[in-house]
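Commentary on secondary and tertiary structure
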Amino acid sequence: MSQTKLFEPFKLGPLTLPNRFAMAPLTRNRAVPPGMVPSPLAVDYYGQRASAGLLITEASQVSQQGQGYQDTPGIYSREQVEGWRKVTDRVHEKGGRIFIQIWHVGRISHTTLQPGGGKPVGPSAIRAKGKTFVNGTFTEISEPRALEFSEIPGIIDDFKRGTENALAAGFDGIEIHGANGYLLDQFAKDGTNKRTDAYGGSIENRARLMLEVSKAVATVAGPERTGIRISPVTPANDVSDSNPQPLFDHIVDGLNALKLTYIHVIEGATGGPRDIAPFNYASLRKRFSGAYVANNGYDFDLATKVLEAGAADLIAFGKPFISNPDLVERLKKGAPLNEWDKNTFYGGGAKGYTDYPTLGAAQAAE
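Residues numbered from 1 in each chain as written. Predicted model: local features only at pLDDT ≥ 70, side-chain atom pairs only at ≥ 80, totals over all residues. Heavy atoms only, no water.

Once that is clear, we can look at empty space enclosed by the protein. Empty space among the atoms can be located by rolling a probe the size of a water molecule over them. Across all of its chains, the model carries 1 cavity of 30 Å³ or more by this definition. Counted as a void, the largest cavity has a volume near 40 Å³. Together, Arg 30, Ala 31, Pro 38, Ser 39, Ala 42, Glu 58, Pro 73 and Tyr 353 line the largest cavity. Taken together, the residues that form the lining of the largest cavity break down as 5 nonpolar, 1 polar and 2 charged. (1 Å grid on protein atoms, 1.4 Å probe; cavity = no way out; pocket = protein on both sides within 12 Å on 5 of 7 lines; lining within 4 Å. Points joined across faces, edges and corners; volume = space filled by probe spheres on them. Nonpolar A, V, L, I, M, F, W, Y, C, P; charged D, E, K, R; others polar.)

The 8 strands are arranged β3-β4-β5-β10-β11-β12-β13-β14 in a closed barrel whose pairing can be described as parallel. Averaged over all neighbouring strand pairs, the angle between strand axes comes to 25°, with direction disregarded. As judged from the 3 bridges shared by strand β13 (residues 291-295) and strand β14 (residues 314-317), these two strands associate in the parallel manner. Looking at the pairing, Asn 295 lines up with Ala 316 of β14. Across the face of the sheet, helix α1 (residues 40-48) comes into contact with β3 (21-23), β4 (54-61) and β5 (98-103) while running at roughly 150° to β4. (Pairing = 2+ DSSP bridges. Helix = DSSP H or I, 4+ residues; strand = E, 2+ residues; numbered from the N terminus. Axes fitted to C-alpha atoms, helices over the stretch in contact; angles between N-to-C directions. Contact = heavy atoms within 4.5 Å.)

Our next topic: the packing of helix α3 (residues 152-168) against helix α5 (residues 203-221). The description of two packed helices rests on the angle between their axes and on the distance between the axes. At a minimum axis separation of 9 Å, α3 and α5 run at an interaxial angle of 30°. Between α3 and α5, the angle falls in the class roughly parallel. Crossing hand, α3 versus α5: right-handed. Taking contact as the criterion, the partners of Ile 152, Ile 156, Phe 159, Lys 160, Thr 163, Glu 164 and Leu 167 in α3 are, on α5, Leu 209, Glu 212, Val 213, Ala 216, Val 217, Val 220 and Ala 221. Split by residue class, the contact of α3 with α5 holds 10 nonpolar, 1 polar and 3 charged. (Parallel < 35°, antiparallel > 145°, perpendicular 65-115°, else oblique. Left-handed = near helix turned anticlockwise from the far one by under 90°.)

Attention shifts here to the nonpolar core. Counting residues in each nonpolar core, the largest one holds 79 residues, and the members touching the most others are Tyr 46 and Ile 315. When residues of this core are assigned to their parent elements, the largest contribution, 9 residues, is made by α5. Ignoring any residue separated from it by four or fewer positions in sequence, one finds Ile 315 in contact with Leu 6, Arg 20, Phe 21, Ala 22, Ala 294, Tyr 298, Ala 303, Val 306 and Leu 307. (Core = buried A, V, L, I, M, F, W, Y, C linked by side-chain atoms within 4.5 Å. Buried < 20%, exposed > 50% of the residue type's maximum accessible area, 1.4 Å probe, protein only.)

For any pair of aromatic rings, the description consists of the separation of the ring centres together with the inter-plane angle of the planes. Inspection of every chain in the model, using the stated rule, returns 17 aromatic pairs. Ring geometry for Trp 103 versus Tyr 182: centroids 4.8 Å apart, planes at 70°, classification edge-to-face. With Trp 103 in strand β5 and Tyr 182 in the loop between β10 (173-177) and α4 (183-188), the pair connects residues that are 79 residues apart, well separated along the chain. Considered together, Trp 103 and Tyr 182 belong to a single accessibility category, that of buried residues. Cluster of aromatic residues (ring-pair linked, three or more members): Phe 7, Phe 21, Phe 300, Phe 317 and Phe 321. Here the guanidinium or amino end of Arg 208 rests over the ring plane of Tyr 199, the centre of that ring lying 4.2 Å away. (Phe/Tyr/Trp six-rings, centres within 6.5 Å; stacked < 30°, edge-to-face > 60°. Lys NZ or Arg CZ within 6 Å of the ring centre and 35° of its normal.)

Pasting the structure below:
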């Protein structure tokens, strides 16, 4: 098994990854309110998984306005920076490398999470069908308001400040969340963006905010430490585009011009069918000179096949990393995997978070 490219090193910007595994960003809703600071359990959680070539944290909001679910961590306060510093210190002690994913959820939020109980913001005042997780339960998403043109520079500044804070917290790099129907994706796609100003209408205008944020982050962190996640055809969070291929070809051309270190591409529907809509991912790979991180429904066999074909450089695994802190070792040895418990994905304490056994611990207990 260990002959597959999955276990080969890979040079990602200034980092040498020992293998081609990326741990995908996984929302776990365990930050400590009211300050939304990563908990001491998060230190253990990420430290346990440091054998992945690259760890990417759960999405962390760049402002209070950017929060969409209860108990997701932020990266906009001094306390949050100090909390994340403990995480990066632990991961580095274990020999790992860790990027933080930063986000603004846009319209996928609830008034109880917003400053002053205000409306969530989006490109247009179109309410998303779906639910968010607040006050311990799934609740209808609140009606948003359209961002004023004059407010957009402030959003870009929030991403810039989040990047500065992430570097102060010791992260090796930044992943911008441009996927899954959150703010940057909402601006890019014509199903959610009905603006008539310089951020609406044409592909160039709709892609503008994602590219401006990418430029701001890369200017602070360095493009060699900046990646971005995109999801061309996912319907997640009630998002859609009438013609995603030219839109994302244009976006990736812009990201390539910025010399970002990777694009992290959700192929198909997030957590669902890979073939939900026709899309030529090879076109993105060809247009982008940095690394291509492939995501969605990958197992050992598919990862091996895609890497051997040269269709990706790194493979992101999500749920298998939740239940297998030592996923790399287990796959290398052909060992069975722990099954995950969906009931403990969101919120709670150590159960279903830091208590999944490693192979060694499981064998010792037998």
